[in-house]
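Letter by letter, the chains look like this.
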Amino acid sequence: MSYIPAELIKKKKNGESHTEDEIRWIIRAYTNNELPDYQMAAWAMAVWFRGMNEHEISVFTAAMRDSGNRFDFSKLKSPRIDKHSTGGVGDKTSLIIGPILAAAKVHVPMIAGRGLGHSGGTLDKLESISGFRVNLTREEFQKSVEENYFALMGQTHDICPADRKLYALRDVTSTVDSLPLICGSIMSKKLSEDLTGLVMDVKFGSGAFMKSLADAQALSQLLKTTGEKNGIDVTVVISNMNEPLGRFSGNSVEVQECIDILSNKTFVEHDFDFYEPTRRLSVELAGHMLYLAKKCDSPAEGASLAESLVQSGAALTEFKLFLQRQGGDWQAELPRAQHSDVVVAAKSGILQSINTELVGLAGIELGAGRKKSEDKIDHTAGIETCRRVGMRVTKGDIIFNVFANSTAGFASAKNLLLSAIEIGDTQPKELLPLVAKVLM
Ligand code: URA
């Protein structure tokens, strides 16, 4: 069946629901360049205003998955579980979780992304390791997941091509922040991994795309329903991004934090272990994955199992093997920045809040992320968060350390970081926990 594009746009503009056939036609025609960008942009804007119902979102997601090739791991006859985060600052848990799951002999086919806006990306972090390859072929990825449990690669041109095109179009037509479009974009890529289960880490707070817990909950429910309508078990962990996660934000510095955690190191200052939030969230997410993989009877038991695999060194061994398999030089020193500087408290008091999006943007100024898609990043650039919300600070205390190979971005990064912190006289009112909610 063929359709008149303007009639389909009108239907959505008027708030009506599409049929399955209509949605599949739109995605097919757009992928094949039969539907031009200007009509797709009009349709995306109509969706932005009018939304889609659960059935439409589920069909839209499946149609985007079917626009390209998908993996087939069915010959494994065992669970395939992935974890995906909606993006944050200092969010490095994938590098800890993949090795934990491999140590527990659970298959993890992880297709990861690059930094997006102020948020970091797993591919960029791993590329700070000398020789590490994120551009595996489909065959290499398939074989590695089957034989070694954990492999990680970037999205290729033949995986969800409809999403690649539509994402770029949304980026320039102010239609990124639509729940149905975000849900379809994320879940189509995850469905192409042929998973049996998925743990979504949906971030909320100043450093997340969803600023409020309520918006994060709405997205979480959509992601869960869409995954389940398409045949995979989905657990959503809604986690707090009102502060950078853990000690470091950047690329090589985040890899260092993960290696330290997998080596059971701590970093205690001002009576606080700055590695603890990263370790705790990683173990909790891994626990939910182990539960979905039926390796334990509850997520809490899964978290204990994950913790023991870190403590025993089994996860660290898997991390080294993973790096070696993908060409990374485990022995090589991680690149270190040639320059560093400090951001200090302008007055004494109690740290009330950290605007974490500004911390992410400061990272971009330092070179840890991109201003334009063709920019080269400085893998050594990054930020160390030296105080936490609720801590007492004295004027002149170091709140952030900044690192980079060039000092060109230092002034603007330091300005952003200074404006990111608020210091007051009383304890901040409401401190939400690291994990605010779980949908199972
Ligand atoms: N991540 C994606 O992959 N797609 C979106 O739309 C938003 C975040």
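The text that follows walks through the structure, step by step, so that each part is easy to find.

Quick notes on the rules
Residues numbered from 1 in each chain as written. Predicted model: local features only at pLDDT ≥ 70, side-chain atom pairs only at ≥ 80, totals over all residues. Heavy atoms only, no water. Helix = DSSP H or I, 4+ residues; strand = E, 2+ residues; numbered from the N terminus. Buried < 20%, exposed > 50% of the residue type's maximum accessible area, 1.4 Å probe, protein only. Contact = heavy atoms within 4.5 Å. Areas by Shrake-Rupley, 256 points an atom, 1.4 Å probe, with all protein chains shown as cover. Lys, Arg positive; Asp, Glu negative; His and termini not counted. Charge placed at Lys NZ, Arg CZ, Asp CG, Glu CD. Pairing = 2+ DSSP bridges. Axes fitted to C-alpha atoms, helices over the stretch in contact; angles between N-to-C directions. Phe/Tyr/Trp six-rings, centres within 6.5 Å; stacked < 30°, edge-to-face > 60°. Patch = residues over 30% accessible without salt bridge, like charges linked within 9 Å, V, L, I, M, F, W, Y side chains within 5 Å. Salt bridge = Lys/Arg side-chain N within 4 Å of Asp/Glu carboxyl O. Core = buried A, V, L, I, M, F, W, Y, C linked by side-chain atoms within 4.5 Å. Expected span 1.5 Å × (residues − 1). Near = heavy atom within 4 Å. Polar contact = N/O pair within 3.5 Å; in protein donor to acceptor, adjacent residues only side chain to side chain. Nonpolar A, V, L, I, M, F, W, Y, C, P; charged D, E, K, R; others polar.

Digging into the overall build of the chain
Inference 1: Check the secondary structure of the chain and you find 16 helices and 15 strands.
Inference 2: Viewed in the frame of its principal axes, the chain has a C-alpha envelope of about 70 × 45 × 40 Å.
Inference 3: For the chain, the proportion of its 440 residues judged to be buried stands at 57%.
Inference 4: Nonlocal contacts in the chain, meaning residues at least 24 apart in sequence, comprise 78% of its contacts between residues at least 6 apart.
Inference 5: Looking at the chain as shown, the accessible area adds up to about 18000 Å², and 50% of this sits on carbon and sulfur atoms.
Inference 6: Here the chain contributes 50 positive and 55 negative side-chain charges, whose respective centroids are spaced 1 Å apart.

Here we look at the sheet that holds strand β11 (residues 382–385)
Inference 1: Across the sheet, 4 strands lie side by side as β6-β11-β13-β9; this open sheet has antiparallel pairing. Either end of the sheet is taken by a strand with one partner, and the two such strands are β6 (248–250) and β9 (339–344). Along the sheet, successive strands turn relative to each other by an average axial angle of 20 degrees, direction set aside.
Inference 2: Two elements, β11 and strand β13 (residues 398–404), share 4 bridges in a ladder whose sense is antiparallel. The residue of β13 that forms the bridge with Glu-384 is Asn-401.
Inference 3: Strands in contact with helix α15 (residues 356–366) are β11 and β13; relative to β11, the strand with the most contacts, it is inclined by about 140 degrees.
Inference 4: Against the sheet, helix α16 (residues 410–420) touches β9, β11 and β13, its axis set at about 30 degrees to β9.

Some details on the packing of aromatic side chains
Inference 1: With the rule as written, the count across this model stands at 12 aromatic pairs.
Inference 2: Aromatic pair Tyr-3 and Trp-25: ring centres 5.7 Å apart, planes at 70 degrees, arrangement edge-to-face. Of this pair, Tyr-3 sits in the segment before α1 (5–13) while Trp-25 sits in helix α2 (residues 20–31), and the two are 22 residues apart along the sequence. Each member of the pair, Tyr-3 as well as Trp-25, is classed as buried.
Inference 3: Judged by centre distance (6.3 Å) and plane angle (85 degrees), the ring pair of Phe-319 and Trp-330 falls under edge-to-face. Here Phe-319 is found in helix α14 (residues 314–325), whereas its partner Trp-330 is found in the loop between α14 and β9, with 11 residues between them in sequence.

A word on the sheet that holds strand β1 (residues 81–85)
Sheet strands line up and pair through hydrogen bonds in the backbone, either parallel or antiparallel.
Inference 1: Pairing is mixed in the open sheet, where 4 strands are placed in the order β1-β4-β5-β15. Pairing within the sheet leaves two strands with one partner each, and these edge strands are β1 and β15 (435–439). Averaged over neighbouring strand pairs, the angle between their axes works out to 15 degrees when direction is ignored.
Inference 2: Both strand β4 (residues 197–204) and strand β5 (residues 233–240) contribute to a ladder of 8 bridges, which runs parallel. Across the sheet, Lys-203 pairs through a bridge with Ser-239, a residue of β5.

Structural notes on a nonpolar patch on the surface
Inference 1: A cluster of nonpolar residues, Tyr-291, Val-438 and Met-440, forms a patch on the protein surface that exposes about 260 Å² of accessible area.
Inference 2: According to the relative accessible area criterion, Val-438 is partly exposed, its value standing at 33%.

Some remarks on the nonpolar core
What tends to happen in soluble globular proteins is that the nonpolar side chains get buried as a cluster.
Inference 1: Within the largest apolar cluster, 78 residues are counted, with the highest numbers of intra-cluster contacts made by Ile-100, Leu-101 and Phe-400.
Inference 2: Sorting elements by how many residues they give to this core places helix α12 (residues 276–292) first, with 7 residues.
Inference 3: When residues no more than four places from it in sequence are discounted, the contact partners of Phe-400 are Asp-341, Val-342, Val-343, Ile-354, Val-359, Ile-383, Glu-384, Thr-385, Cys-386, Leu-417 and Ile-421.
Inference 4: Counting 45 residues, the second-largest nonpolar core is a separate cluster that includes Trp-25, Tyr-30, Leu-198 and Met-200.

Brief notes about helix α3 (residues 37–50)
Inference 1: With 14 residues, α3 extends 19 Å from end C-alpha to end C-alpha; this agrees with the ideal 20 Å at 1.5 Å per step.
Inference 2: Along α3, the positions that sit buried rather than exposed are Gln-39, Met-40, Ala-41, Trp-43, Ala-44, Ala-46 and Val-47.
Inference 3: Contacts from the buried residues of α3 go to α1, α2, α4 (54–65), α8 (161–172) and α9 (179–191).
Inference 4: Looking one or two residues past α3, Gly-51 carries a phi angle of roughly 75 degrees, positive in sign.

Topic: the site of the ligand
Inference 1: Within the structure, the ligand sits among Tyr-167, Arg-170, Ile-182, Ser-185, Ile-186 and Lys-189.
Inference 2: One of the side-chain N or O atoms of Arg-170 is found 2.9 Å from an oxygen atom in the ligand.
Inference 3: Within the side chain of Ser-185, one N or O atom sits 2.6 Å away from a nitrogen atom of the ligand.
Inference 4: Taken by itself the ligand offers 240 Å² of open surface, and the protein chains cover 86% of this.
Inference 5: Of the residues in the shell around the ligand, the class split is 3 nonpolar, 1 polar and 2 charged.

Looking at helix α5 (residues 94–103)
Inference 1: Counting buried positions over the 10 residues of α5 gives 9, a clear majority of the element.
Inference 2: Taken together, the buried positions of α5 are Ser-94, Leu-95, Ile-96, Ile-97, Gly-98, Pro-99, Ile-100, Leu-101 and Ala-102.
Inference 3: A positive phi of about 60 degrees marks Lys-105, the residue just after α5.

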